[in-house]
Amino acid sequence: MSSIMLILITRTTRMLSSLSEAMRQRQAEWFTNRSGHSSFRAEVIQSDDGFTAVISRRTGYSSRDWHYQQLAHTGHFATARKALRAGRQMAQQMAGLRYRFD
C-alpha cells in the first residue's frame, strides 16, 4: 500500500514540476509590436486574493538600450494559469492594437 502511495506522489510531483516549467517558459515570452520598438509580456504574481498578471513593457531595439516599465494589472484569478492566460491575451492586444506602431 505504501509503495502505491509513493508512486502516486512521485508521478504527481513530476507532473507539477513539468507544468511549472511550462508556465515559466510561457511567462517569459515577449510579444513585439510591428515597429519592433516595444515588447510586452505578462508576469504572474501571487497576491492575498489569488493571482494577478502584471503587464510589462520593454522599449528599445537591443539589450543595450532597453527600458522597462509596468503598464497594467489584470484582475484577480483563482489559479496562476488563468491569470497567465489573461495576461498573455492583454500583452498580445497591447502589442497588436494599442501600441502597434509605437
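Here, every reference points to the structure presented above.
I will try to describe carefully the structure that is included in this document. Bear in mind that the values here come from a model prediction, so they are computed numbers and not experimental data.

1. Here we look at the pattern of salt bridges
This structure, assessed with the given rule, holds two salt bridges. When the shortest N-O distance is used, the salt bridge between R88 and E29 registers 2.5 Å. Of this pair, R88 sits in helix α2 (residues 80-98) while E29 sits in the loop between α1 (2-27) and β1 (31-32), and the two are 59 residues apart along the sequence. R41 is the partner of E43 in a salt bridge, and the nearest nitrogen-oxygen pair spans 3.8 Å.

2. Quick word on the sheet that holds strand β3 (residues 50-59)
Pairing is antiparallel in the open sheet, where four strands are placed in the order β1-β2-β3-β4. The sheet is open, and its two borders are formed by β1 and β4 (67-73), each paired with just one other strand. Taken together, the two bridges between β1 and strand β2 (residues 38-47) define a ladder with antiparallel strand orientation. From the neighbouring strand, F31 faces β2, where its bridge partner is F40.

3. Overview of the nonpolar core
Core analysis: the biggest nonpolar cluster contains 15 residues, and F40, A42, V44, F51, I55, A91 and M94 have the highest contact counts within it. At the level of elements, β2, β3 and α2 are the ones that each hand at least two residues to this core. Considering each element in turn, this core owes the most residues, six residues, to α2. Sequence-distant contacts of I55, that is, excluding residues within four places in its chain, are made with F40, R41, A42, Q69, Q70, L71, A72, G87, M90, A91 and M94.

Here is what the cut-offs are and how they apply
- Residues numbered from 1 in each chain as written.
- Predicted model: local features only at pLDDT ≥ 70, side-chain atom pairs only at ≥ 80, totals over all residues.
- Heavy atoms only, no water.
- Salt bridge = Lys/Arg side-chain N within 4 Å of Asp/Glu carboxyl O.
- Helix = DSSP H or I, 4+ residues; strand = E, 2+ residues; numbered from the N terminus.
- Pairing = 2+ DSSP bridges.
- Core = buried A, V, L, I, M, F, W, Y, C linked by side-chain atoms within 4.5 Å.
- Buried < 20%, exposed > 50% of the residue type's maximum accessible area, 1.4 Å probe, protein only.
- Contact = heavy atoms within 4.5 Å.

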